Amino acid sequence: MGTAGPAVAGLHALSVNKPIVLGASTGGTQAIESVLVALPGDSPGIAVVLHMPEKFTASFAARLNSIVDMEVLEAKDGDRVINGRILIAPGGKHMRLKRSGAQYVVEVTDGPLINHHRPSVDVLFRSVAQCAGRNAIGLIMTGMGDDGARGLLEMHQAGAQTAAQDEASCVVFGM
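Below: a short report on this structure. (Residues numbered from 1 in each chain as written. Predicted model: local features only at pLDDT ≥ 70, side-chain atom pairs only at ≥ 80, totals over all residues. Heavy atoms only, no water.)

Moving on to the overall build of the chain. The secondary structure content of the chain amounts to 5 helices and 9 strands. When the helices and strands of the chain are read in sequence order from the N terminus, they spell out α-β-α-β-α-β-β-β-β-β-α-β-α-β. Whereas a compact globule of 175 residues would reach a radius of gyration of roughly 16 Å, the chain reaches 14 Å, a difference of no more than 12%. Overall size of the chain, expressed as C-alpha extent along the three principal axes, is 35 × 35 × 35 Å. Counting only contacts in the chain whose residues sit at least 6 apart along the sequence, the fraction spanning at least 24 positions is 71%. (Helix = DSSP H or I, 4+ residues; strand = E, 2+ residues; numbered from the N terminus. Rg over C-alpha atoms; globule rule 2.2 N^0.38 Å. Contact = heavy atoms within 4.5 Å.)

Here it is in structure tokens:
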């Protein structure tokens, strides 16, 4: 992903008490890792959808948990999105953000493939647009296909701060 320093610092400064959502596909493990290792342990809660198969997401979460300053978990239905925590969507399951009172929680469910994927970035991003709107930050990263593009647009239209990884630093530019 290149040097993420100032961009990551800006992301943290802009996002106090706002959920951050990340989506990626091909090359995403390295790109996501480069962003997360640069964040301080008190960063806002983060939800991540990465196109990975079942069983791989748990080991990816465990590896990240050993190298980042935040707690990293494979998400379970009802997990709270809180400062200092990163939730990784389990392979083979969709993850949505929803409100529970004044807090955000994730909903982890089965469902049909969306854009040929489960988990789907669009599923997460669209739920964020609906329940968090301008209180959220969305970032789409390296990968092929367009899963996440429509959801990121919906987040932007709902007032969220949105960004995409630049083509030069993507393993595959397409999402």
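Moving on to the pairing of strand 9 (residues 161-164). Relative to strand 9, strand 8 (residues 137-140) runs parallel, the two sharing 4 bridges. Residue pairing across strands places Ile 137 opposite Gln 161, the latter belonging to strand 9. In this fold, the crossover linking strand 8 to strand 9 by way of helix 5 (residues 149-157) has right-handed handedness. (Pairing = 2+ DSSP bridges. Right-handed = clockwise from strand over helix to strand, strands pointing away.)

On to the sheet that holds strand 6 (residues 94-100). The 3 strands are arranged 4-7-6 in an open sheet whose pairing can be described as antiparallel. Looking at strand neighbours, the two that pair on one side only are strand 4 (80-81) and strand 6, the edges of this open sheet. Here 7 bridges tie strand 6 to strand 7 (residues 103-109), and the two strands are oriented antiparallel to one another. Directly across from Lys 98, in strand 7, lies its bridge partner Val 105. In this fold helix 4 (residues 121-131) packs onto strand 6 and strand 7, with an angle of close to 15° to the strand it touches most, strand 6. (Axes fitted to C-alpha atoms, helices over the stretch in contact; angles between N-to-C directions.)

Take helix 2 (residues 28-36) next. Of the positions making up helix 2, those classed as buried are Gly 28, Ala 31, Ile 32, Val 35 and Leu 36. End-on, the buried residues of helix 2 take up no more than an arc of 125°, which puts them together on one face. (Buried < 20%, exposed > 50% of the residue type's maximum accessible area, 1.4 Å probe, protein only. Arc of directions from axis to C-beta.)

Ordered in space as 3-5-2-1-8-9, the 6 strands form an open sheet in which the pairing is parallel. Unpaired on one side and paired on the other, strand 3 (71-74) and strand 9 mark the two borders of the sheet. The sheet shows a mean angle of 15° between the axes of neighbouring strands, direction not considered. Examined bridge by bridge, strand 1 (residues 20-24) and strand 2 (residues 46-50) share 5 bridges and lie parallel to one another. The residue of strand 2 that forms the bridge with Val 21 is Ala 47. Packed onto the sheet, helix 4 meets strand 1, strand 2 and strand 8 and runs at close to 160° relative to strand 1. Of the strands in this sheet, strand 1, strand 8 and strand 9 touch helix 5, which is tilted by about 155° from strand 8.

Read these as geometric descriptors, not functional statements.
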